[in-house]
Amino acid sequence: MALSKRRLAVPAAGLCLLLSLMIFFQVDAFTVRLPREGNPLFGAVRVVSGSEIQLSYRHSVEKTMVEGIFSVGPGSVIQAKETRMTSVGTGLPNTYTARTRREGKWIVVDEGLTTVPGFDFFISDVNATRLAVDGTAIGVQTLASGSLIHIDVERVRLLDWILWRYGNKDWRKDQQ
């Protein structure tokens, strides 16, 4: 009888440890939310410091291609790394001689890993918006023209991340 209890104690202790890790261990997730629809989670990708985010779109006024390259910084923040454009003009990011270079068709502005807060982006058919994190695409191009997305990095419990990843359960839904 004592041997049976011991056999059960080891797996039970392991299960308790695993559950504790899932509840208390936190991870960073790059998130895309829909603020006009009550802020549900549209997409998320687990990230670490240094993960690269690429937001590409056609500028609605100048019709030039723009690529914003961002990085996940330490402390669950987004950092602007560089902006790439095929030309300059109205409404496009500023270019500065000391921070601008040419790479083939691209005019590249070094943004110096400036920390930026989460931000909104307007989706339009004209923009042909594409979004990827470490090469994983987030299907924002499937959203209706006129949609607004909010891009950010959120710190979440590992358990909540697993529930989102495998059960599509938004970790903020219960908190709103």
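**A closer look at the overall build of the protein chain**
Helices and strands together make up the secondary structure of the protein chain, namely two helices and 11 strands. Pairs at least 24 apart in sequence give 58% of the contacts found in the protein chain among residues at least 6 apart. Accessible surface, the protein chain as shown: approximately 10,200 Å² in total, 57% of it carbon and sulfur.

**Here we look at the environment of Ser71**
Note that Ser71 resides in strand 4 (residues 65-73). For Ser71, the contacting residues outside a window of four places in its chain are Gly50, Ser51, Val77, Ile78, Gln79 and Leu113.

**A word on the sheet that holds strand 8 (residues 119-122)**
Spatial strand order, 2-1-11-8: four strands in an open sheet with antiparallel pairing. Across the chains shown, the open sheet's two edge strands, defined by having one partner strand only, are strand 2 (41-47) and strand 8. Pairs of neighbouring strands in the sheet enclose a mean axial angle of 30°, with direction left out of account. The pairing of strand 8 with strand 11 (residues 148-157) spans four bridges and is antiparallel.

**Here's the deal with the sheet that holds strand 6 (residues 100-103)**
In a beta sheet, neighbouring strands are held together by backbone hydrogen bonds and run either parallel or antiparallel to one another. Across the sheet, seven strands lie side by side as 6-7-5-4-3-9-10; this open sheet has antiparallel pairing. Looking at the sheet topology across the chains shown, the edges are occupied by strand 6 and strand 10 (136-138). Here the average twist between neighbouring strands, direction ignored, is 25°. The pairing of strand 4 with strand 5 (residues 77-85) spans eight bridges and is antiparallel. Bridge pairing links Gly68 to Thr83 in strand 5.

**Some remarks on the packing of aromatic side chains**
Enumeration over the complete set of coordinates arrives at three aromatic pairs. Judged by centre distance (5.5 Å) and plane angle (35°), the ring pair of Phe70 and Phe119 falls under tilted. Placement of the pair is Phe70 in strand 4 and Phe119 in strand 8, with a sequence separation of 49 residues. Among the residues examined, Phe70 registers a relative accessible area of 13% and is labelled buried. On the basis of relative accessibility, which here comes to 21%, the residue Phe119 falls in the partly exposed class. Ring geometry for Trp161 against Trp171: centres 6.3 Å apart, planes inclined by 45°, an arrangement best described as tilted. Of this pair, Trp161 sits in helix 2 (residues 158-167) while Trp171 sits in the segment after helix 2, and the two are 10 residues apart along the sequence.

**Overview of helix 2**
Restricting attention to buried positions, one finds in helix 2 the residues Leu158, Asp160, Trp161 and Trp164. Looking straight down helix 2, one finds its buried side chains confined to an arc of 160°; they lie on one side. Set apart from the buried face of helix 2 by more than 90 degrees, the exposed residues are Tyr166 and Gly167.

Rules of the game
Numbering of residues starts from 1 in every chain and runs along the sequence as written. Residues qualify for local features only when their pLDDT is at least 70, as the model is predicted, and side-chain atom pairs are given and counted only at 80 or more; totals for whole chains, interfaces and linings, by contrast, use all residues. Computation of side-chain values covers all heavy atoms of the structure but excludes hydrogens and water. Comment: elements are numbered from the N terminus, with helices defined as DSSP H or I runs of at least four residues and strands as E runs of at least two. Contacts were defined at the residue level, with two residues in contact if any of their heavy atoms lie within 4.5 Å. Per-residue and other accessible areas were derived by the Shrake-Rupley procedure at a 1.4 Å probe size, with only the shown protein chains allowed to occlude residues. By this definition, two strands are paired if DSSP reports at least two bridges between them. Axis angles are defined between N-to-C directions and span 0 to 180 degrees, where every axis is a line fitted to C-alpha atoms and, for a helix, only to the segment in contact. Stacked, edge-to-face and tilted are the three classes for Phe, Tyr and Trp ring pairs, Trp counted by its six-membered ring, which pair at centre distances within 6.5 Å; planes under 30 degrees apart are stacked, over 60 edge-to-face, the rest tilted. Burial classification: accessible surface area is computed with a 1.4 Å probe over protein chains only, and a residue below 20% of its type maximum counts as buried, one above 50% as exposed, and the rest as partly exposed. Comment: arc refers to directions from the helix axis out to C-beta atoms.

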